[in-house]
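Letter by letter, the chains look like this.
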Amino acid sequence: MSATPFFLARRSAIKSVAACALLVGSTGFLTACSESKPQFASIDITGADYARDFALTDHNGQARSLKDFQGKVVVVFFGFTQCPDVCPTSMAELAEIRKMLGADGARLQGLFVTLDPERDTQDVLKAYMANFDPGFLALRPELDKLPQLAKNFKIFYKKVDGKTPGSYSIDHTAGSYVFDPTGKVRLYSRYGSGAPALAADIRLLLKSG
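(A) Local environment of the pattern of salt bridges. For the coordinates displayed, the defined rule picks out five salt bridges. A salt bridge links Arg64 to Asp58; the shortest N-O distance between them is 2.9 Å. Across the pair, Asp58 and Arg64 agree in class, each one buried.

What follows is the structure in structure tokens.
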């Protein structure tokens, strides 16, 4: 399986600049000031009315939602453990980014949400996450709740039959949602953007909150 990036999102307004000029005293000294939004490499989806929160169980059996990670930048990726390329590459890259952040790495939370709860049991997810970073968590939705979760996050996924009933693959969205330290969704990072670009975006979000 080779997951094809599938994401439809409207890019936010590019950049707004406010300029002001102030004449100080009789010296005719003119000062100017401007305020602008951070310039992200990822797609800025600040204010989006989707991907707002979740109520899922992690690979340790603990109930989780975004409020558990207040003060951290949270990166959420949807995939499945038997994915041969996109999923492990994305998680390994996120682990690399955490190291790149140095001391700020402790304020980055990686979350892997399985789109294959039939095969991805709690034990399977725990073993899978051990390959990346000990601080990252895998989340497992109930099978009957998965369609609504995917809809809430605008995630595409589709089973692709294999040679046997249990050897199916899954085509799925290959990108990550990035939440700021207050728990608001801010960015969508496309698969293949590279660790340096996402690391720079995460640094900007950490500075803002």
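Further notes follow.
(B) Up close: helix α2 (residues 122-129). If you check which residues of α2 are buried, you get Leu125, Tyr128 and Met129. For α2, the angular spread of the buried residues around the axis is 90°, confining them to a single face. As for α2, its buried residues are in contact with α1 (86-100), β7 (108-114) and β8 (137-140).

(C) Inspection of the environment of Arg107 at higher detail. Tracing the chain through its elements places Arg107 in the loop between α1 and β7. Taking C-alpha positions, Arg107 is 10.0 Å from Arg203, a pair spaced 96 residues apart along the chain.

(D) The arrangement of the nonpolar core in detail. Judged by nonpolar contacts, the single largest core of 32 residues is most densely connected at Met91, Leu94, Ile97, Leu108, Phe112, Met129 and Ile202. Those residues within four positions of Ile97 in sequence are excluded, and the remaining contacts are Leu108, Ala195, Leu198, Ala199 and Ile202. Grouped together as the second largest cluster of nonpolar side chains are 26 residues, Tyr50, Leu139, Phe153 and Tyr177 included.

(E) Up close: the side chain of Arg98. Position of Arg98 among the secondary structure elements: in helix α1. The class of Arg98 is buried, set by a relative accessible area of 17%. Contact partners of Arg98, with chain neighbours within four places excluded, come to Gly105, Ala106, Leu108, Asp133, Gly135 and Phe136.

(F) How the structure looks around the packing of α1 against helix α4 (residues 195-208). Look at α1 against α4: their axes get within 9 Å of each other, and the N-to-C directions meet at 55°. The angle between the axes of α1 and α4 places the two elements in the oblique class. Between α1 and α4 lies a crossing whose hand is right-handed. In contact with Glu93, Leu94, Glu96, Ile97 and Met100 of α1, α4 contributes Ala195, Pro196, Leu198, Ala199, Ile202 and Arg203. Residue classes in the contact of α1 with α4 are distributed as eight nonpolar, no polar and three charged.

(G) Inspection of the packing of aromatic side chains at higher detail. The final tally for this structure, using the stated rule, is seven aromatic pairs. Seen from their ring centres, Phe153 and Tyr177 are 5.7 Å apart, and the 70° between their planes marks the pair as edge-to-face. Taken together, the residues Phe153 in the loop between α3 (146-152) and β9 (157-160) and Tyr177 in strand β11 (residues 175-179) connect sequence positions 24 residues apart. Taken together, a centroid distance of 5.4 Å and an interplanar angle of 70° make the contact between Tyr177 and Tyr188 edge-to-face.

(H) Local environment of the confidence of the model for the chain. When pLDDT is averaged along the chain, the result is 87, and 82% of the positions lie at 70 or above. The model gives residues 1-34 a pLDDT under 50, and that stretch makes 62 contacts with residues more than four places away or in other chains.

(I) Inspection of the sheet that holds strand β6 (residues 73-79) at higher detail. With respect to topology, eight strands assemble into an open sheet ordered β3-β12-β11-β6-β7-β8-β4-β5, the strand pairing being mixed. Bordering the open sheet on either side are β3 (43-44) and β5 (63-64), each of which pairs with just one other strand. Sheet analysis places β11 next to strand β12 (residues 185-190), joined by five bridges and oriented antiparallel. Directly across from Gly175, in β12, lies its bridge partner Arg190. Lying on the sheet, α4 is in contact with β6, β7, β11 and β12; it crosses β12 at an angle near 175°.

(J) Geometry of unusual backbone geometry. You will see that Ala51, though not glycine, has its phi angle at about 55°, which is positive. Looking at the secondary structure, you find Ala51 in the loop between β3 and β4 (56-58). Phi is positive for Lys154, which is not a glycine, with a value near 55°. Since its relative accessible area comes to 43%, Lys154 is described here as partly exposed.

Cut-off values and rules
Residues numbered from 1 in each chain as written. Predicted model: local features only at pLDDT ≥ 70, side-chain atom pairs only at ≥ 80, totals over all residues. Heavy atoms only, no water. Salt bridge = Lys/Arg side-chain N within 4 Å of Asp/Glu carboxyl O. Buried < 20%, exposed > 50% of the residue type's maximum accessible area, 1.4 Å probe, protein only. Helix = DSSP H or I, 4+ residues; strand = E, 2+ residues; numbered from the N terminus. Arc of directions from axis to C-beta. Contact = heavy atoms within 4.5 Å. Core = buried A, V, L, I, M, F, W, Y, C linked by side-chain atoms within 4.5 Å. Axes fitted to C-alpha atoms, helices over the stretch in contact; angles between N-to-C directions. Parallel < 35°, antiparallel > 145°, perpendicular 65-115°, else oblique. Left-handed = near helix turned anticlockwise from the far one by under 90°. Nonpolar A, V, L, I, M, F, W, Y, C, P; charged D, E, K, R; others polar. Phe/Tyr/Trp six-rings, centres within 6.5 Å; stacked < 30°, edge-to-face > 60°. pLDDT = per-residue confidence, 0-100. Pairing = 2+ DSSP bridges.

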